[in-house]
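The chain contents come next:
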Amino acid sequence: MARNSDYDMCKEERKRESFFKVLQRVDISSENMRALPYDFVRSFSNNELSRKMKIKARWGSSWEVEICKNPRFYFMEKSGWEKFVSDNALGASEFLTFTHKGNMRFTVNIFMQDGKEMLQPPQSMSFMASSRPPKREQGIPSLATTIAAESNGGGNYKRKLNFEKKKAEESHNSKRTDKVFSVQRESAGASSSSVAEFSMFIKKSYLIYMWFPKSVQSIHMPKQRTIFKIHHPNMKKSWNVVYVVSGTKSSFSAGWKGLAQEYPLAVGDTCKFSFIKQHELILFVSKP
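The structure presented is a predicted model; accordingly, all values stated were derived computationally and were not measured. (Residues numbered from 1 in each chain as written. Predicted model: local features only at pLDDT ≥ 70, side-chain atom pairs only at ≥ 80, totals over all residues. Heavy atoms only, no water.)

1. Thoughts on the pairing of strand 14 (residues 280-286)
Logical step 1: Counting buried residues along strand 14, five of its seven residues qualify, which places the element largely inside the surrounding structure.
Logical step 2: Bridging between strand 10 (residues 226-231) and strand 14 involves three bridges; their strand directions are parallel. Across the sheet, residue Lys 229 finds its bridge partner in strand 14, namely Glu 280.
Logical step 3: Of the strand pairs in this sheet, strand 13 (residues 270-277) and strand 14 are connected by seven bridges, and their pairing is antiparallel. Looking at strand 14, one finds that Phe 273 is bridged to Leu 283.
Logical step 4: Between strand 13 and strand 14, which pair antiparallel in sequence order, lie two residues. (Buried < 20%, exposed > 50% of the residue type's maximum accessible area, 1.4 Å probe, protein only. Helix = DSSP H or I, 4+ residues; strand = E, 2+ residues; numbered from the N terminus. Pairing = 2+ DSSP bridges.)

Shown next, in the form of structure tokens:
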């Protein structure tokens, strides 16, 4: 009789050491949340615990996390853990199981609040766009065209192509600059119906999670968890922040606290968010 391969795989998994976590927003980055169970780690040698912990998801993505120790327990290093949480848009009571595969390699299974397993990563439009092949700007010749021109001795034509390429690049950079400045003018009070924006007043709790009123949620925000890219107005600094939807409530979760500290934000500030792409924002802050 043919054996059931799924049953065999499940049976083999049960032989391996594993532990679980339930991720809550309030303590998602605390040492207790990042802790490794004592009964789990005591079977490991000091040499093994000195290695990086490699976490691999069902869809193939992986993360390396250092293991640290305080007087009471071992725990996952904060920056590596937060990278894992942010990349997977976690923080809404997900149930995670970590199964040891040997040599500090772990597979992670992520189950959503409704019990459904996550089988692919959450993707924002900006991440999807970055995976596409770049489009050739209008007016910029292909490599084949340039080579053909050179082989035919077309020196003048080659200079013309280089001029057209430079002109197209300058036009592209000019359009990008105009887009950023138009958003900045909107922040300063200029009227522009083409720029979507909303403002939020910073309360103490908003320095950890930014909770959105229903008016903002329904008009501006997506219906599901998404990774937003938020820029400083000078465009020299940006943050990836997870937007989480839980029932009728929504918030900026993982990544927001780091933004608030680095920007920095303070109680009483007014934050104006202006869209430059579907899931990309510029954050302007007005002090009281």
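Here the narrative resumes, following the displayed structure.
2. Describing the sheet that holds strand 14
Logical step 1: Read from one edge of the open sheet, seven strands run 8-13-14-10-11-12-9, paired in mixed fashion. For this open sheet the edge positions go to strand 8 (197-201) and strand 9 (210-211), each flanked by a neighbour on one side alone.

3. Considering the packing of aromatic side chains
The geometry of an aromatic ring pair is captured by two quantities: the separation of the ring centres and the angle between the planes.
Logical step 1: The final tally for this structure, using the stated rule, is 23 aromatic pairs.
Logical step 2: When the centroid spacing of 6.3 Å and the interplanar angle of 55° are considered together, the rings of Phe 198 and Phe 275 count as tilted. Here Phe 275 lies in strand 13 and Phe 198 lies in strand 8, a separation of 77 residues in the sequence.
Logical step 3: By relative accessible area, which is 14% here, Phe 275 ends up buried.
Logical step 4: Linked through ring pairs, Phe 19, Phe 40, Phe 44, Trp 63, Trp 81, Phe 84, Phe 98 and Phe 106 together constitute an aromatic cluster. (Phe/Tyr/Trp six-rings, centres within 6.5 Å; stacked < 30°, edge-to-face > 60°.)

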